[in-house]
Each structure stands twice: as structure tokens, then as C-alpha cells.
Amino acid sequence: MSGALIRGARIPGVGVRDVRMCDGIVTEVGLSLPIAGNDVHDLAGYVLLPGLVEPHIHLDKVFSAAPDPGEGAATAQNADGPAGLTDAIRRQESHAREAATSSGTGSHRDVVAARAGRALRRYVASGTTAIRCHVGCGRSIDNESLRAILDVREQWRDVIRVQVVADIGWPQGSPWREHVGRLREALDAGADLVGGYPSLEAEPDEAMEACLAVAREYGRGVDFHLDEVLEPEDQDVRRMARLLLDDPLGASTTASHCVALGSCEPALQREIAREIAAVGISVITNPMTNLYLQDRPAAQMRGLTAIQALIAEGVTVAAGSDNIQDAFNPVGRCDPLEIASLLITAGQCEVDDALDMVTTSARRVMGMPPAGAREGMVADLVAVRATSPTTAIADAPADRVVFVGGRLIASTRVATQFAHDSV
């Protein structure tokens, strides 16, 4: 049997084993498997995890933060963080207009593609094997963003799975026939899912109904940005659940953020979670950006959804980055293990649950079959130089070896040399 063989990696809950992969599937897991006819990868000292997943990222905005102006200088974006979500939107739009009109930066499409490609290189090196990307389609410049991301998706199709969500709804006040027309154009161009910002509209129900109608027309799933506020009475995810209860979509449905749910009393959290579970809505929390943006400057409340209540009621919960080094969030490494760490410290999640939200559950949200070091699973794997999932998340070592469909895709090894013998 030909294929690839991983030797000596530690599989959580199993121990040190060899793993054989063939035709994109894990075909055998055991001790000292024969190596004849296989490409062999010695990964002793590594823990072998399912391929990481980024279920919510804005690749059209990544790395678009204004550059550091240098010592002794400051800009509004660098000196002070945004006042909140709407201020971050204003800053991002302002920066996008400035970048589009500046000379010497190339076309908007080329600039977006270059930044997205840079992000994908980092994601792949970290062990990310699938991404769901949201792209704004509300203005003419954003249609160019969509085309740029579709170009990048095609360039990387053999390395990483990229789903594209067409986010519609901006600018506010535009006729919905205009929004719907742009949404159809985005889906015709190659976007995979319908998205938008219903909670930012004057009539959230109208926005959701319009987007759901197009999703039904095209037979696509939806992934809405909902409830990025801390007021417990703002529960558009509940409106979404009730709309789908009356008229099921018949395709994947996702609600991203759902920050307001985390501000509710526990009994109400459970009640809404049951309604969400009943119609099969998955939820994606985005701890990094929401922790940064919500309740500034006091930081008395945290911008996370009700993770434990949702999981307890059977809702599939995944976790993403949302924004990386742009007007919405100045930091981020393109590494889902960073998000897992935040889930543990800020979301008070157990290690296994945190890892699940950036691997198995995230794949489920994206409609992908399970991956991992088990016979019959997809051979999308990442080996991290660590002794356990806990140390992999805690230390986040750069030393990683990445397999997609059983093929070696990326390998990073870092060596540190100290200048003093006694160190």
C-alpha cells in the first residue's frame, strides 16, 4: 500500500502511534507500522491534532491597519482604539477610501489579493486546513474585494479549503432591491454563502427575510453577523430562529458573534439556546475582536456569546478570529490556537472544548467531514511540537508540520541559539 506514514507522533487520548494515510484518508493507526512504499515523516516529540480551522475571518480587510507612524508620531487609528463597532466600521471605510485613491499602491483588487495571500500563507503554516471568509459586497469597491478573494481562493485551492460568504447590507439606507441585486451578483461570481449585518439595519427582520429569500433561490447556506452589542434585549439570533422555524432553509445556517446572548441571565440563555438548537443554527464566537471592541473603555463586560449554555443545549459552537490587524482589531497571528487560548482564559472553556471549536466543530459548521488521526477520517492534520493539546495551546510553538488530504503542505522548524554558554 502506497501513501504517507507519520511515525511516533502522540495522539491525544491514544498515545504514541504511527499513522498511515492514503488517498486523503487515515487508513491505519497502530504501533510500528511497516514503512514499505510510504513517504515517512518522523514526528516523535509532536502531538498530532486535527487540522485547524478558521470559521470566521475577513480576508478582504486583513493587515489593512494603518502602518505605525514611528516614534513620536501618532494617528487616530494607532494612538487610540475605536470607540466601538460602529466607529471601527467608520475607520475601516475611511482607510479603504484612502487606500483606493492613493498612488503607487496598485489596484484595490491587487492590494486585497496580496494581503489575503499573505494571511493564507500564515494560516497554512499554523496548520489551518479550512477557512470561511466574509467579504463585504455593499459598495462598488467591495465588489472588487470579492473578485480579489475569489482569485486567491482559486490560487490556493489545492492547499486550503476557502469558503466565501457574501456580506450584504451596507451602506445603511440603500434600497433592499439594490442590496439583493449585489448579493445575486456575488453568488453568480462564485461566493458560497449568503451573509450580512441584519442587526445593524433599521428593520432586522426585513434584512434577514431578504437574504434568506436569495439563499433559498440559490440553494445556499447563510452566515449572518448578529447582535454585536452587550444589551441583553437585542436578540436578533432569536428572530432568526423563529423565521427558520416557520420556514426552514434546508441548508447550513450560522449566526456569528451573538454577543448580546452572553449578557443575558442564565435561564434566558438556555431558553434561547434551545430555540437555536431546534432549527439547527450553528454559532461562531469571535473572542479576539469582540473582547477588544466591546464595552470600551471600561471593559466591565466581555464580548463573548453564551458558549457553555449553547453547547449544553446541543448547539454546534465554533470560534474564529473575525479581524486581524485592521481597524477592528490591531493584533492577531492567523493561528486558531491563539483563539483556543482566548476561549480558555476569557471564555473559561475546558481545553478539549476550546480545541474542538477550532477543529471538529468548525469543520461541522462549514459542512466538512471530520478530520483527525482516526481510521476513516480525512487526513487533514497538524503536528505541533508539544506534549499535549494543553501545551500546544499554551505554548503555541511555531514548530508545526501540516498535512492536507494526507499530503505534506508545510513544515516549520525553529531553532533558538543563546549567545551565552551559561544561559
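Residues numbered from 1 in each chain as written. Predicted model: local features only at pLDDT ≥ 70, side-chain atom pairs only at ≥ 80, totals over all residues. Heavy atoms only, no water.

**Regarding the overall build of the chain**
And step 1. Helix and strand content of the chain: 14 helices and 16 strands.
And step 2. A separation threshold of at least 6 residues defines the contact pool for the chain, and within that pool the share at least 24 residues apart is 75%.
And step 3. Accessible surface, the chain: about 17800 Å² in total, of which carbon and sulfur atoms supply 49%. (Helix = DSSP H or I, 4+ residues; strand = E, 2+ residues; numbered from the N terminus. Contact = heavy atoms within 4.5 Å. Areas by Shrake-Rupley, 256 points an atom, 1.4 Å probe, with all protein chains shown as cover.)

**Section: helix H11 (residues 336-345)**
And step 1. Inspection of H11 places Pro336, Leu337, Glu338, Ile339, Ala340 and Leu343 among the buried residues, and these make up the whole buried set.
And step 2. One side-chain oxygen of the residue at the start of H11 lies 3.0 Å from the amide nitrogen of leucine 337, identifying that residue as aspartate 335. (Buried < 20%, exposed > 50% of the residue type's maximum accessible area, 1.4 Å probe, protein only. Polar contact = N/O pair within 3.5 Å; in protein donor to acceptor, adjacent residues only side chain to side chain.)

**Comments concerning helix H7 (residues 236-246)**
And step 1. Listed in full, the buried residues belonging to H7 are Asp236, Val237, Arg238, Met240, Ala241, Leu243 and Leu244.
And step 2. Along its buried surface, H7 packs onto helix H6 (204-218), strand E10 (222-226), strand E11 (253-257), helix H8 (266-278) and strand E12 (281-285).

**Focus on the layout of surface pockets**
If you roll a probe as big as a water molecule over the atoms, it shows you where there is empty space left.
And step 1. Of the pockets and cavities examined, the second largest pocket occupies roughly 290 Å³.
And step 2. In terms of lining residues, the second largest pocket is bounded by 18 residues, among which Pro12, Pro50, Leu355, Thr360 and Arg374 are the most central.
And step 3. The residue makeup of the lining of the second largest pocket, split by class, is twelve nonpolar, three polar and three charged. (1 Å grid on protein atoms, 1.4 Å probe; cavity = no way out; pocket = protein on both sides within 12 Å on 5 of 7 lines; lining within 4 Å. Points joined across faces, edges and corners; volume = space filled by probe spheres on them. Nonpolar A, V, L, I, M, F, W, Y, C, P; charged D, E, K, R; others polar.)

**A few points about the pattern of salt bridges**
And step 1. Counted according to the given criterion, the structure contains 21 salt bridges.
And step 2. When the shortest N-O distance is used, the salt bridge between glutamate 275 and arginine 242 registers 3.5 Å. With glutamate 275 in helix H8 and arginine 242 in helix H7, this pair connects stretches of sequence that are 33 residues apart.
And step 3. The partly exposed category is assigned to arginine 242, whose relative accessible area is 44%.
And step 4. The salt bridge involving glutamate 313 is made with arginine 274; its shortest N-O contact spans 3.5 Å. Placement of glutamate 313 in the loop between helix H10 (307-312) and strand E13 (317-319) and of arginine 274 in helix H8 is noted, with a sequence separation of 39 residues between them.
And step 5. Here glutamate 313 falls in the partly exposed class, since its relative accessible area comes to 25%.
And step 6. Salt bridges linked by common partners bring Arg238, Arg242, Glu271 and Glu275 together as one network. (Salt bridge = Lys/Arg side-chain N within 4 Å of Asp/Glu carboxyl O.)

**Here's the deal with the sheet that holds strand E9 (residues 193-196)**
And step 1. Strand order across the open sheet formed by eight strands is E6-E7-E8-E9-E10-E11-E12-E13, with parallel pairing between neighbours. The open sheet has two edge strands with one neighbour each: strand E6 (52-57) and E13. Taking the axes of each pair of neighbouring strands and ignoring which way they run, one obtains an average angle of 20 degrees across the sheet.
And step 2. Of the strand pairs in this sheet, E10 and E11 are connected by five bridges, and their pairing is parallel. The residue bridging leucine 226 from the neighbouring strand is histidine 257, located in E11. (Pairing = 2+ DSSP bridges. Axes fitted to C-alpha atoms, helices over the stretch in contact; angles between N-to-C directions.)

**Section: the packing of aromatic side chains**
And step 1. In the structure shown here, the tally under the stated rule is zero aromatic pairs.
And step 2. Positioned over the ring face of phenylalanine 63 is arginine 118, at 3.9 Å from the centre of the ring. (Phe/Tyr/Trp six-rings, centres within 6.5 Å; stacked < 30°, edge-to-face > 60°. Lys NZ or Arg CZ within 6 Å of the ring centre and 35° of its normal.)

**Details of the side chain of glutamate 54**
And step 1. You can see glutamate 54 is positioned in strand E6.
And step 2. Looking at glutamate 54, its side chain comes within polar contact range of the side chain of serine 321, at 2.6 Å.
And step 3. Not counting chain neighbours up to four residues away, the residues in contact with glutamate 54 comprise Tyr123, Thr128, Ala130, Ile131, Arg132, Gly320, Ser321 and Pro336.

**Brief notes about the environment of alanine 267**
And step 1. By the element assignment, alanine 267 lies in helix H8.
And step 2. Accessibility expressed as a relative area gives 46% for alanine 267, which makes it partly exposed.

**Re the nonpolar core**
And step 1. Counting residues in hydrophobic clusters, the biggest one holds 86 residues, and the most contacted among them are Leu59, Met240 and Ile276.
And step 2. The element that contributes the greatest number of residues to this core is H6, accounting for seven residues.
And step 3. If sequence neighbours within four positions are ignored, methionine 240 has contacts with Met208, Val222, Phe224, Leu226, Thr253, Thr254, Ala255 and Ile281.
And step 4. Within the second largest apolar cluster, 16 residues are counted, among which are Ala4, Leu43, Leu48 and Ala379. (Core = buried A, V, L, I, M, F, W, Y, C linked by side-chain atoms within 4.5 Å.)

Any functional reading would require information beyond the geometric quantities listed.
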